Amino acid sequence: MKKILAIILCFALVLTLSACTKVPSNREGEQTTKNEGMNGVPNPMTELTEEEFENIFYAYYLPDGAEDSHFFKIASISEDTLEIAQINFIRFDHEYCFRYAKGPEQDIAGMYYEWSYDKENDKLNDDSKYGCHIQINEDEGAGVASWYDENNKTNYCISMSEGATRELLLSTFENYYRFYCEAYSVEEN
């Protein structure tokens, strides 16, 4: 009798717990978009075609050796945040994320690690004309190269979720810096 009672209680518990799970329905009149999450909150990140990206953010640049690029727009979710352009690509077998956004200087990388390497105005070598802020978490293999173009009021960052090294970030930075900053706003000395 105790075994039967225990089985009935277990069965009742399973039914009770399964009743707590809500399966999303698609009733008539309910529309969901590909940018809307399971809870109905809009996803601020939208994948774009190359043409759509160019229409919104105008010209873009991919560094030497970049391939398999994907374009995104991250919508501003409040007056304090910026609309961010994002391009994901592979360069020499490493995955990169490049972001840029006009506005006041701020962190747009979206990477929250304890950095084991953190250096302002880091340069690839002594001949490099420009530097950027490099942060690397050696345990996780993540890293960010970020800089702010004061003349153009634009934030830039290159991030890697794995395999990040100072040299990879700085060489990609130098490719980007020449295009975005020198082409648009930095005056040669």
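The coordinates are above.
In this report, the structure presented in the accompanying data block is examined.

Rules used in this analysis
- Residues numbered from 1 in each chain as written.
- Predicted model: local features only at pLDDT ≥ 70, side-chain atom pairs only at ≥ 80, totals over all residues.
- Heavy atoms only, no water.
- Salt bridge = Lys/Arg side-chain N within 4 Å of Asp/Glu carboxyl O.
- Helix = DSSP H or I, 4+ residues; strand = E, 2+ residues; numbered from the N terminus.
- Buried < 20%, exposed > 50% of the residue type's maximum accessible area, 1.4 Å probe, protein only.
- Core = buried A, V, L, I, M, F, W, Y, C linked by side-chain atoms within 4.5 Å.
- Pairing = 2+ DSSP bridges.
- Axes fitted to C-alpha atoms, helices over the stretch in contact; angles between N-to-C directions.

**Thoughts on the pattern of salt bridges**
Once their charged atoms are close, side chains differing in charge can pair, the charge on each being opposite to the other. As enumerated under the stated definition, the model contains four salt bridges in all. The shortest N-O distance in the salt bridge between Arg166 and Asp122 comes to 2.9 Å. Note that Arg166 is positioned in helix 3 (residues 166-184) and Asp122 in strand 5 (residues 117-122), a separation of 44 residues in sequence. Taking the relative accessible area as the measure of exposure, Arg166 reaches 21% and is therefore partly exposed. Each member of the salt-bridge network shares a partner with another, and the members are Lys119, Asp122, Arg166 and Glu167.

**Describing the nonpolar core**
Among the nonpolar cores identified, the biggest contains 28 residues, and Phe53, Phe98, Tyr100, Trp147, Ile158, Leu169 and Phe173 are the most heavily contacted of them. Looking at this core, the elements with two or more residues in it are helix 2 (50-57), strand 3 (84-91), strand 4 (94-102), strand 6 (132-137), strand 7 (142-149), strand 8 (154-160) and helix 3. Top contributing element to this core by residue count: helix 3, with six residues. In this structure, Ile74, Ala101, Ala142 and Cys157 belong to the second largest nonpolar core, which totals 11 residues.

**Focus: the sheet that holds strand 1 (residues 45-48)**
Strand order in the open sheet formed by eight strands is 1-2-3-4-8-7-6-5, and the pairing between neighbours is antiparallel. Of all strands in the sheet, those bounded by a partner on one side alone are strand 1 and strand 5. Ignoring which end each strand starts from, the neighbouring axes of this sheet average 20° apart.

Any functional reading would require information beyond the geometric quantities listed.
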